Number of protein chains: 2
Amino acid sequence: MGRRSDHSREELRDMIISEGHRQLAETGYARFSAREVAKRIGYSIGTVYNVLGSHDQLMLAINGLTLDRWQGHLEARLSAETENRLHRAIQAYFEFAILNRNLWTALYDFRLPEGEEMPDYYQQKVRDITQIVIAEIATVLPPAHADRAAPLARSLLACVHGHCFFTLNGTFRLLGETDPLEAAYARVTDAIAACSD
Amino acid sequence: MGRRSDHSREELRDMIISEGHRQLAETGYARFSAREVAKRIGYSIGTVYNVLGSHDQLMLAINGLTLDRWQGHLEARLSAETENRLHRAIQAYFEFAILNRNLWTALYDFRLPEGEEMPDYYQQKVRDITQIVIAEIATVLPPAHADRAAPLARSLLACVHGHCFFTLNGTFRLLGETDPLEAAYARVTDAIAACSD
DNA sequence: AGGCCAATTGAACGTTGTCTAATAATTTAA
DNA sequence: TTAAATTATTAGACAACGTTCAATTGGCCT
């Protein structure tokens, strides 16, 4: 067959990515397959490669979509919340990861070959999410220490990430930790207290 | 051919695991292949499967070896260190991960299928490493708060893990963080200070 | 109508994990 | 010392994967 009028190239790209997103959520990164995506949307494997370029670029696009959803989730949970916004943010972090286990895990399972950098559009998404956290940290820090907000936010992001990661990969269950969210929140309040001496 | 007298079953198992370990260190988890391991030790792929059982069990055994090395590295760096042992421990954590990037990363890239638990021998190795950290935390905590050592150690392990993870996967570089080790150490001292109020 | 060109295909290739029937060597039994 | 049982090892088969690409299809323009 040749040109098909029912989908533009742009629409087809979106179809592939969103079907891939759906499939990744179901099967997880290890069992994800571009062939299966092609089959499900009724196109051949060749078309997927013509439109997306490679497995890596497909994964990048899918993970990018996950980042969008994650940011949306975070903003939704944070909107109209006036007190304890930091606790709410950490809760939203965990919530998204647990509700979208396969998608969230794939963000870190997938890596470009050594030496290759993430494309700009992807890097920007990561920075955007980080910026939300920086802003939240800035509001709870004394104005005199406003310059500490960015490095502190990066560090606390890593800290919360670690707690979330150990929750999902079973390490915390193995070690007998029963309330990882509160543990993460405790580390955040400790750090802010230390910075507000 | 049949039985070969030059290697006992036990020796062959060790050969496979240590050659797999070597190959994992070189190529990383994504490109690791049991077939290649077989080729390098001069046995066929079938033998590897007869001795190890499956790709998953081979990975488990290899990651178990990595955990052994990690614990050894940590103990070596900590031995005969009398002051600032906690700082030294975090440094050793980062050092091992950076020096053995592919091996360390594979500890978290590899996961058993959903629902399957890590075997006991593997869980015990994780607990053993954790116990070292618990002991270190206990020594810097006021005796009155000795019961906080275990949960605090778990949480700080997750925190340091997050910093190390973001260092190796490029997130920290992306965000402009230049000294992740000291950031992690700051979080640890903050937590201990808060617990020693 | 005829030709151009973008879109699409599916077969081909090399690689992977996994399984299994066949084979070879060793140990045990007669 | 043979014969039988046991164990170790192999290589080929299978399905699935990512990737490439020559061939083909069908809409568009002149």
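All values derive from a computational prediction rather than experimental measurement.

Rules used in this analysis
- All residue numbers refer to positions counted from 1 along the written sequence of the respective chain.
- For this description, chains carry letters from A and ligands carry numbers from 1, given in the order in which they are written.
- Local features in a predicted model are, by the rule used here, given only for residues with pLDDT of at least 70; side-chain atom pairs are given and counted only at 80 or more, and totals for whole chains, interfaces and linings are based on all residues.
- Calculation of side-chain values draws on the structure's entire complement of heavy atoms; hydrogens and water are dropped beforehand.
- What marks off one domain from the next here is an automatic or database domain assignment.
- Whether two residues are in contact is decided by their heavy atoms, any of which lying within 4.5 Å being enough.
- A pairing counts as a salt bridge when a side-chain nitrogen of Lys or Arg comes within 4 Å of a carboxyl oxygen of Asp or Glu.
- We call two N or O atoms a polar contact when they sit within 3.5 Å, provided that within protein one can donate a hydrogen and the other can accept it, with sequence-adjacent residues counted only if both atoms are side-chain atoms.
- Secondary structure elements follow DSSP: runs of H or I no shorter than four residues count as helices, runs of E no shorter than two count as strands, and numbering proceeds from the N terminus.
- Working rule for helices: expected span equals 1.5 Å times residues minus one.
- Think of it in three bands: with a 1.4 Å probe and only protein chains considered, a residue is buried below 20% of the maximum accessible area for its type, exposed above 50%, and partly exposed in between.
- Cavities and pockets were defined on a 1 Å grid built over protein atoms only: a cavity is a set of grid points that admits a 1.4 Å probe from which the probe cannot escape, a pocket is an open set flanked by protein on both sides within 12 Å along at least five of seven lines, and lining residues are those with an atom within 4 Å of any such point.
- Grid points are joined across faces, edges and corners, and a volume is the space filled by probe spheres set on the points.
- Charged means Asp, Glu, Lys or Arg here, nonpolar means Ala, Val, Leu, Ile, Met, Phe, Trp, Tyr, Cys or Pro, and polar covers whatever is left, Gly included.
- Buried surface area refers to the total accessible area, computed with a probe of radius 1.4 Å, that the two partners give up upon joining, counted for both partners together.

Chemist: Residue-level account of the domain arrangement of chain A, with values.
Modeler: Residue and element names in this part refer to chain A. By domain assignment, chain A separates into domain 1 (1-53) and domain 2 (62-195). Between the C-alpha centres of domain 1 and domain 2 there is a distance of 30 Å. At the interface, 11 residues of domain 1 touch 10 residues of domain 2. Taken together, the links from domain 1 to domain 2 amount to 0 salt bridges. In this assembly, domain 1 and domain 2 are joined by 2 residue pairs in polar contact (both at pLDDT 80 or more).

Chemist: Got a sec to walk through helix α8 (residues 149-168) of chain B? Specific residues and values, please.
Modeler: Residue and element names in this part refer to chain B. Compared with an ideal rise of 1.5 Å per residue, which puts 20 residues at 28 Å, α8 spans 28 Å between its outermost C-alpha atoms and is within 8% of the ideal. Burial runs high along α8: 17 of the 20 residues are buried. Just downstream of α8 lies G170, where phi reads positive at about 90 degrees.

Chemist: A description of empty space enclosed by the protein should follow, citing residues and the corresponding values.
Modeler: Inspection of the entire model under this criterion finds 3 cavities of 30 Å³ or more. Around the largest cavity, the lining comprises 14 residues; the ones closest to its centre are A89, I90, V133, L157 and V160 of chain B. Considered class by class, the residues forming the lining of the largest cavity number 13 nonpolar, no polar and 1 charged. Considering only enclosed or pocket space, the second largest cavity measures out at about 110 Å³ in volume. If you trace the second largest cavity, you find 14 residues lining it, with T105, D109 and F165 of chain A together with Y108 and R111 of chain B closest to the centre. Listing elements by their share of the lining of the second largest cavity, those giving two or more residues are α6 (101-109) and α8 (149-168) of chain A together with α6 (101-109) of chain B. With 5 residues, α6 of chain A is the largest single contributor of residues to the lining of the second largest cavity.

Chemist: I'd like a rundown of the interface of chain B and chain A, residues and numbers included.
Modeler: Each side of the interface is counted separately: chain B has 38 residues, and chain A has 38 residues. Carbon and sulfur atoms supply 62% of the area that chain B and chain A bury against each other, a total of about 3,200 Å² over both sides. A per-residue breakdown of the area chain B buries against chain A is headed by R154, L174 and L175 of chain B, which together make up 20% of the total. Counting the contacts that link chain B with chain A gives 6 salt bridges. One salt bridge connects D109 of chain A with R111 of chain B, and the closest N-O pair in it is separated by 2.5 Å. Taken together, chain B and chain A are joined by 14 residue pairs in polar contact (both at pLDDT 80 or more). Elements supplying a minimum of two residues to the side of chain B that touches chain A: α6, α7 (120-140), α8, α9 (171-175) and α10 (180-195) of chain B. Counting residues per element, the side of chain B that touches chain A draws most heavily on α8 of chain B, at 13 residues. Considered class by class, the residues forming the side of chain B that touches chain A number 17 nonpolar, 9 polar and 12 charged.

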